[in-house]
Amino acid sequence: KEDYSKFWATYDTVSMEYDDDFLSRANDDMGIVLTFAGLFSAVNSTFIIGMQPNPGNNTNVLLLNLIKIIADPNGVHDISNLSSSTGFPSSTVWMQALAYSSLLFSLLAAFGAVMGKQW
């Protein structure tokens, strides 16, 4: 019976050392993932902001047409060439979709790392 209790005491000591080492490494890894995900999200957000179309271009065209109308109020002005839609090239839409999806996955990774560290 003494060998039996000695076995479990040794097992308990060895398993506690192994578990503590494993949890320490996992906690460090989660910290690294959390740091990387935070930095990646910040850089990705910067690129997303930089990819946004400039709304000032449409405003400038509309202001130029208003100035022409005010400068010559009696003239006939063709406003049919003004675009009512803001169509974007498909490449721009794809790039923004990829940027937003990578931001989403980066935030999910950060969320998972936080949940892992608090567990």
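Residues numbered from 1 in each chain as written. Predicted model: local features only at pLDDT ≥ 70, side-chain atom pairs only at ≥ 80, totals over all residues. Heavy atoms only, no water.

## Considerations on the side chain of serine 106
In plain terms, the rule: The secondary structure listing takes helices from DSSP runs of H or I that are at least 4 residues long and strands from runs of E that are at least 2 residues long, numbered from the N terminus. Two N or O atoms count as a polar contact when they lie within 3.5 Å, although within protein this holds only if one can serve as hydrogen donor and the other as acceptor, and sequence-adjacent residues are included solely when both atoms are side-chain atoms. Here, residues are in contact when the closest pair of their heavy atoms is within 4.5 Å.
With respect to the helices, strands and loops of the structure, serine 106 is situated in helix 3 (residues 90–118). At 2.7 Å, the side chain of serine 106 and the side chain of serine 41 are in polar contact. Here serine 106 is in contact with Ala37, Phe40 and Ser41, once residues within four sequence places are set aside.

## Examining the packing of helix 1 (residues 2–51) against helix 3
A pair of packed helices can be characterised by two numbers: the angle between their axes and the separation between those axes. Note the following rule: Note on method: axes are straight lines fitted to C-alpha atoms, helices fitted across the in-contact stretch only, with angles between N-to-C directions ranging 0 to 180 degrees. Roughly parallel here means an angle under 35 degrees, roughly antiparallel means over 145, roughly perpendicular means 65 to 115, and every remaining angle is called oblique. Throughout, a crossing is termed right-handed when the near helix is turned clockwise from the far one, and left-handed when it is turned anticlockwise from it by less than a right angle. Each residue is assigned to one class: nonpolar for Ala, Val, Leu, Ile, Met, Phe, Trp, Tyr, Cys and Pro, charged for Asp, Glu, Lys and Arg, and polar for all the others, Gly among them.
Taken N-terminus to C-terminus, the directions of helix 1 and helix 3 make an angle of 155°; their axes are 8 Å apart at the nearest point. Of the possible angle classes, the one that applies to helix 1 and helix 3 is roughly antiparallel. Relative to helix 3, the crossing made by helix 1 is left-handed. Along the lines of polarity and charge, the residues of the contact of helix 1 with helix 3 split into 16 nonpolar, 8 polar and 1 charged.

## A word on helix 1
Spelled out, the test is: Expected helix span is computed as 1.5 Å times (number of residues minus one). Think of it in three bands: residues with accessible area under 20% of the maximum for their type are buried, residues over 50% are exposed, and the middle band is partly exposed, with areas taken using a 1.4 Å probe on protein chains only.
For helix 1, which comprises 50 residues, the first-to-last C-alpha distance of 72 Å matches the rise-based estimate of 74 Å (1.5 Å per residue) to within 8%. When helix 1 is considered as a whole, its buried residues turn out to be Ser15, Gly31, Ala37, Ser41, Asn44 and Ile48. Looking at the buried side of helix 1, the elements it contacts are helix 3.

## So, the packing of aromatic side chains
Heads up, the rule is: Aromatic rings from Phe, Tyr and Trp, with only the six-membered ring used for Trp, were paired whenever their centres fell within 6.5 Å, and each pair was classed as stacked if the ring planes differed by under 30 degrees, edge-to-face if by over 60, and tilted otherwise.
Scanning the entire structure with this criterion turns up 4 aromatic pairs. Note on phenylalanine 7 and tryptophan 8: the rings are 5.0 Å apart at their centroids and 75° apart in plane angle, and the pair reads as edge-to-face. Residue classification places tryptophan 8 among the partly exposed residues on the basis of a relative accessible area of 40%. A centroid spacing of 6.1 Å and a plane angle of 20° characterise the contact between phenylalanine 36 and phenylalanine 40, whose relative ring orientation is stacked. Of the two residues, phenylalanine 36 and phenylalanine 40 both sit in helix 1, 4 residues apart, roughly one turn of that helix. An aromatic cluster is built from Phe7, Trp8 and Tyr11, whose rings are joined through pairwise contacts.

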